[in-house]
Amino acid sequence: MQRLAVIFAGDIAAYAVMSNHYHVVFYIDAITANTWSDTEVIPRWQEPFKASNLAQRFIHGASLDPCEESKLKELIELWRK
């Protein structure tokens, strides 16, 4: 949980561990997340989730056509939220 808090600009405000489940109160710091560049958002999102081929190409310096750039911007904004 601590690692996810760091990745997603959050803070664990409270948690309770039960015998068969747990509860977490998670605060997301949207102000901090909104200051991240696109190149910061991509690796943060892809650390816990499967890598997007388009994002990986961008990170590795491949040139993207305008349609791909537009789609990547949409994905990054979704991940940032």
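Residues numbered from 1 in each chain as written. Predicted model: local features only at pLDDT ≥ 70, side-chain atom pairs only at ≥ 80, totals over all residues. Heavy atoms only, no water.

Caption draft 1: Local environment of the pattern of salt bridges. This structure, assessed with the given rule, holds six salt bridges. Lysine 73 is the salt-bridge partner of aspartate 38, the closest N and O atoms lying 2.6 Å from each other. Of this pair, aspartate 38 sits in helix α3 (residues 38-46) while lysine 73 sits in helix α5 (residues 66-80); the two residues are 35 residues apart in sequence, bridging distant segments of the chain. Where arginine 80 meets glutamate 77, a salt bridge forms, and the shortest distance between an N and an O atom there is 3.3 Å. Residue arginine 80 and its partner glutamate 77 are located together in helix α5, separated by three residues, close to a single helical turn. A single network of salt bridges, built from pairs that share partners, joins Asp38, Lys73, Glu77 and Arg80. (Salt bridge = Lys/Arg side-chain N within 4 Å of Asp/Glu carboxyl O. Helix = DSSP H or I, 4+ residues; strand = E, 2+ residues; numbered from the N terminus.)

Caption draft 2: Structural view of the confidence of the model for the chain. Summary statistics for the chain give a mean pLDDT of 92 and a share of 100% for residues scoring 70 or more. Highest mean pLDDT in the chain belongs to α5 (94); lowest belongs to helix α1 (residues 2-7) (89). (pLDDT = per-residue confidence, 0-100.)

Caption draft 3: The environment of proline 48, seen in detail. Here proline 48 is to be found in the loop between α3 and α4 (53-59). Expressed as a C-alpha distance, the spacing of proline 48 and leucine 4, which sit 44 residues apart in the sequence, is 8.1 Å. With residues near it in sequence (within four places) discarded, proline 48 still touches Leu4, Ile7 and Phe8. (Contact = heavy atoms within 4.5 Å.)

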